[in-house]
Structure formats: structure tokens, C-alpha cells
Amino acid sequence: MNNFIQKGNTLTATLAAAVASGQLVLLGNSKLPAVATAAYVANTPGEYALNGVFELPADAPSTGAVGDVAYWDAANSVVTSTAAANAKAGVYAAPKAANDTTARVRLPAAN
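Residues numbered from 1 in each chain as written. Predicted model: local features only at pLDDT ≥ 70, side-chain atom pairs only at ≥ 80, totals over all residues. Heavy atoms only, no water.

An unreviewed UniProt entry lists the protein chain under the name Putative RecA/RadA family phage recombinase, from Paraburkholderia bryophila.

Okay, here's the thing in C-alpha cells:
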């Protein structure tokens, strides 16, 4: 197969803002959830994971069961169970109880 480029578990992207290692970001107009594999300064190419389960900051009031949809509240940089204007981050990979400030989230499979 002459046109194969990569498996696609990570993508290289250049973002306008600095990113911390392990930080969830939303890539492009599709708001594809991805996690930075290292810290990157603004306007520098970086590698972003598209698959896997990650422990991310979460809003304390939210709760969720395994498999429930988890959303990314970009304004507050936290996972939430509130859809509102938030982008889908994936699904809860472990129960999220009220007052937990982190959540384990499985990123959705990239299409």
C-alpha cells in the first residue's frame, strides 16, 4: 500500500496557545478531542493522542457512570456531564462521583 502514512493514534498539530503535557485540547473545526503528549509552546508543532483513557480535571458537581458521555467545558478547562455548548470529550471510563475533581475519560475513536 503506497499511500499509507501512519496509524493515526496521534496527530501533529500547531496550536496558537501553549499546551501542558496531558492537557486535553479540541483540534480543528470538528473539535476533535486530543491529549498533548508533552508540553508545547505556542505556535510549535506538537503530538496529540487521539485514543486511550486519560485522567482529566473535572468540575466537582458533575457525576457520571461508566459509558456516560463526558463533555469538555473549554471555558473552565474541565470535564463535565453538562452538554450545553460543550464539545463531546468521550465517555467516562470510571464512575465520577460528586466532589471528584478528576475524571477518567476514554477519548472517542477518531473517524
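Continuing now.
S.K.: Is there a simple way to think about the environment of Ala103 in this case?
M.R.: By the secondary structure assignment, Ala103 is in strand S9 (residues 102-106). A residue is classified by how much of its surface remains accessible, and Ala103, at 4% relative accessible area, is buried. Separated by 25 residues in sequence, Ala103 and Val78 place their C-alpha atoms 9.1 Å apart. Ala103 has contacts with Phe54, Glu55, Leu56, Ala58, Val79, Tyr92 and Lys96, leaving out every residue within four places of it along the chain. (Helix = DSSP H or I, 4+ residues; strand = E, 2+ residues; numbered from the N terminus. Buried < 20%, exposed > 50% of the residue type's maximum accessible area, 1.4 Å probe, protein only. Contact = heavy atoms within 4.5 Å.)

S.K.: For this particular structure, what's the right way to read the pairing of strand S2 (residues 24-27)?
M.R.: Each regular strand shows side chains that alternate between the opposite faces of the sheet. Pairing between S2 and strand S3 (residues 32-36): four bridges, direction antiparallel. Bridge assignment links Val25 to a residue of S3, and that residue is Ala34. Where S2 hands over to S3, the hairpin turn is made up of four residues, of which Gly28 adopts a positive phi near 65°. (Pairing = 2+ DSSP bridges.)

S.K.: It is not clear to me how the packing of aromatic side chains should be interpreted in this structure. Could you clarify?
M.R.: A ring pair, where both rings are aromatic, is described by two values, the distance of the centres and the angle of the planes. The full count for this structure, using the stated rule, is one aromatic pair. The interplanar angle of 50° and the centroid separation of 5.7 Å between the aromatic rings of Tyr40 and Tyr48 together place this pair among those described as tilted. Comparing Tyr40 with Tyr48, the two get one shared label, buried. (Phe/Tyr/Trp six-rings, centres within 6.5 Å; stacked < 30°, edge-to-face > 60°.)

S.K.: Even after reading the chapter, I still don't get the sheet that holds strand S8 (residues 87-92), so can you show me in this structure?
M.R.: Consider a sheet: its strands pair through backbone hydrogen bonds, and that pairing is either parallel or antiparallel. With antiparallel pairing, five strands are arranged side by side in an open sheet as S5-S9-S8-S6-S7. Each having just a single partner strand, strand S5 (53-57) and strand S7 (78-80) make up the two edges of the open sheet. Strand-to-strand, the axes of this sheet are offset by a mean angle of 50°, without reference to chain direction. The sheet contact formed by strand S6 (residues 69-73) and S8 spans four bridges and is antiparallel. In the sheet register, Ala70 faces S8, and the bridge partner there is Gly90. (Axes fitted to C-alpha atoms, helices over the stretch in contact; angles between N-to-C directions.)

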